[in-house]
Amino acid sequence: QVQLAESGGGLVQAGGSLRLSCAASGIIFYNINSMGWYRQAPGKQRELVATITRGGITNYADSVKGRFTISRDNAKKTVYLQMNSLKPEDTAVYSCTCSTIDNYYWGQGTQVTVSS
């Protein structure tokens, strides 16, 4: 059974930083095509934040480019999201994702709150 364990959310002031982590278990590294993060703010649709492929190709939402950095440790099957220069509009539940050739998995989500 594939599980994604997220950590690192919390409350931070605007301009601050947080680092999210997501560790995958119950899956072989070679079966993971990509991992990433989505977020959903209250009353808004879920949106892509960033993804990274097994080969290290990254993709970012325009709203976070230059502020967020996604990275992964293949040996640990872990993906990280370094979030700098946080803004109140970054407040949301951030969910980790993991895709294989035939399936898509989601974590439980972790709350990120940025105060002004």
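A brief report on the enclosed structure follows.

Here is what the cut-offs are and how they apply
- Residues numbered from 1 in each chain as written.
- Predicted model: local features only at pLDDT ≥ 70, side-chain atom pairs only at ≥ 80, totals over all residues.
- Heavy atoms only, no water.
- Helix = DSSP H or I, 4+ residues; strand = E, 2+ residues; numbered from the N terminus.
- Polar contact = N/O pair within 3.5 Å; in protein donor to acceptor, adjacent residues only side chain to side chain.
- Contact = heavy atoms within 4.5 Å.
- Pairing = 2+ DSSP bridges.
- Axes fitted to C-alpha atoms, helices over the stretch in contact; angles between N-to-C directions.
- Salt bridge = Lys/Arg side-chain N within 4 Å of Asp/Glu carboxyl O.
- Buried < 20%, exposed > 50% of the residue type's maximum accessible area, 1.4 Å probe, protein only.
- Phe/Tyr/Trp six-rings, centres within 6.5 Å; stacked < 30°, edge-to-face > 60°.
- Lys NZ or Arg CZ within 6 Å of the ring centre and 35° of its normal.
- Disulfide = S-S within 2.5 Å.

So, on to the side chain of Arg67. For Arg67, the position within the fold is in the loop between β6 (58–60) and β7 (68–73). There is a polar contact of 2.9 Å between the side chain of Arg67 and the backbone oxygen of Ser63. Polar contacts involving the side chain of Arg67 include one to the side chain of Asp90, which spans 2.8 Å. What Arg67 contacts, discounting residues up to four positions off in sequence, is Gln82, Met83, Asn84, Ser85, Leu86, Lys87 and Asp90.

This brings us to unusual backbone geometry. Even without being a glycine, Lys77 presents a positive backbone phi close to 50 degrees. Following the sequence through the fold, Lys77 ends up in the loop between β7 and β8 (78–83). One non-glycine residue, Ser85, lies in the positive phi region at around 50 degrees.

Next up on the list: the sheet that holds strand β1 (residues 3–7). Taken in spatial order, the four strands line up as β1-β3-β8-β7 in an open sheet, and their pairing is antiparallel. Both edges of this open sheet fall to β1 and β7, since each of them pairs with a single strand only. Between one strand axis and the next, the sheet turns through 15 degrees on average, direction left out of account. Pairing between β7 and β8: six bridges, direction antiparallel. Looking at the pairing, Arg72 lines up with Val79 of β8.

What follows deals with the pattern of salt bridges. Considering all chains together, one arrives at four salt bridges under this definition. A salt bridge links Asp62 to Lys65; the shortest N-O distance between them is 3.1 Å. Where Arg67 meets Asp90, a salt bridge forms, and the shortest distance between an N and an O atom there is 2.8 Å. Of this pair, Arg67 sits in the loop between β6 and β7 while Asp90 sits in the loop between β8 and β9 (92–99), placing them 23 residues apart in sequence. Accessibility classification places Arg67 together with Asp90 in one group, the buried group.

This brings us to the packing of aromatic side chains. Both the distance between ring centres and the angle between the ring planes are used here to describe each pair of aromatic rings. Taken as a whole and assessed by the stated rule, the structure comprises two aromatic pairs. Taking 5.7 Å as the distance between ring centres and 55 degrees as the angle between the ring planes, the aromatic pair formed by Tyr104 and Trp106 counts as tilted. Judged by its relative accessible area of 34%, Trp106 falls in the partly exposed class. Counting every residue linked through ring pairs, the aromatic cluster contains Tyr38, Tyr104 and Trp106. Cation over ring: Arg46 sits above Trp106, and NZ or CZ is 3.9 Å from the ring centre.

So, on to the state of the cysteines. Inspection of the entire model under this criterion finds one disulfide. Here Cys98 stays unpaired: no disulfide links it, and the sulfur of Cys96, its closest cysteine neighbor, is 7.1 Å away.

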